[in-house]
Amino acid sequence: RLGAPDTSNPDKKWPLNQVISFQIVGTFSAENNQKIRDGFKFWTYNTCLTYQENGPTTPLIRVVNGSSCSSNIVR
């Protein structure tokens, strides 16, 4: 699948024993903010990964209001 993650390299996987921090950056409506938070809750409850908004860990996920779909990992 195009754009699928490389899960064969352990250095590119999220750690299972650590919270994954995320930040919501930029201007979103209250409804969209809640949808973003609900999405992270869904992944926390349905995967082996745990997400926390404004958590203490790095790397972290930064959700921004942009004009395209992309991802960058903040280290």
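The structure presented is a predicted model; accordingly, all values stated were derived computationally and were not measured.

A.B. asks: Let's hear about the overall build of the protein chain: which residues, and what values?
C.D. replies: Counting secondary structure elements, the protein chain contains one helix and four strands. When the helices and strands of the protein chain are listed from N to C terminus, the series reads β-α-β-β-β. Summed over its atoms, the accessible surface of the protein chain is roughly 6,000 Å², and 51% of this surface lies on carbon and sulfur atoms.

A.B. asks: I'd like a rundown of the packing of aromatic side chains, residues and numbers included.
C.D. replies: For the structure shown, the criterion picks out three aromatic pairs. With 3.8 Å between their ring centres and 10° between their planes, Phe22 and Phe40 make a pair best called stacked. You can see Phe22 sitting in strand 1 (residues 20-25) and its partner Phe40 sitting in helix 1 (residues 30-46), a full 18 residues away along the chain. Of the two residues, Phe22 and Phe40, neither departs from the other in class, the shared state being buried. When the ring of Phe42 is compared with that of Trp43, the centres are 5.3 Å apart and the planes differ by 85°; the resulting orientation is edge-to-face. With a relative accessible area of 46%, Phe42 lands in the partly exposed category. What makes Trp43 partly exposed here is its relative accessible area of 47%. Put simply, the rings of Phe22, Phe40 and Tyr51 pair up and form one aromatic cluster.

A.B. asks: Provide a residue-level description of the pattern of salt bridges, including the pertinent values.
C.D. replies: Across all of its chains, the model carries two salt bridges by this definition. Of the charged contacts in the structure, one is a salt bridge between Glu31 and Lys35, with a shortest N-O distance of 3.4 Å. You can see Glu31 and its partner Lys35 sitting in helix 1, four residues apart, about one turn around the helix. A relative accessible area of 52% means that Glu31 is categorised as exposed.

A.B. asks: Can you tell me about the side chain of Asn33, naming the residues and giving the values?
C.D. replies: Turning to its location among the elements, Asn33 is positioned in helix 1. For Asn33, a relative accessible area of 19% puts it in the buried group. Apart from the residues lying within four places of it in its own chain, the contact partners of Asn33 are Ile24 and Phe28.

A.B. asks: Talk me through the nonpolar core; I want residue IDs and the actual numbers.
C.D. replies: By size, the foremost hydrophobic cluster in this structure holds nine residues: Ile20, Phe22, Ile24, Phe28, Ile36, Phe40, Leu49, Tyr51 and Val63. Elements supplying a minimum of two residues to this core: strand 1 and helix 1. The dominant element in this core, judged by the number of residues it contributes, is strand 1, at three residues.

Analysis parameters
Residues numbered from 1 in each chain as written. Predicted model: local features only at pLDDT ≥ 70, side-chain atom pairs only at ≥ 80, totals over all residues. Heavy atoms only, no water. Helix = DSSP H or I, 4+ residues; strand = E, 2+ residues; numbered from the N terminus. Areas by Shrake-Rupley, 256 points an atom, 1.4 Å probe, with all protein chains shown as cover. Phe/Tyr/Trp six-rings, centres within 6.5 Å; stacked < 30°, edge-to-face > 60°. Buried < 20%, exposed > 50% of the residue type's maximum accessible area, 1.4 Å probe, protein only. Salt bridge = Lys/Arg side-chain N within 4 Å of Asp/Glu carboxyl O. Contact = heavy atoms within 4.5 Å. Core = buried A, V, L, I, M, F, W, Y, C linked by side-chain atoms within 4.5 Å.

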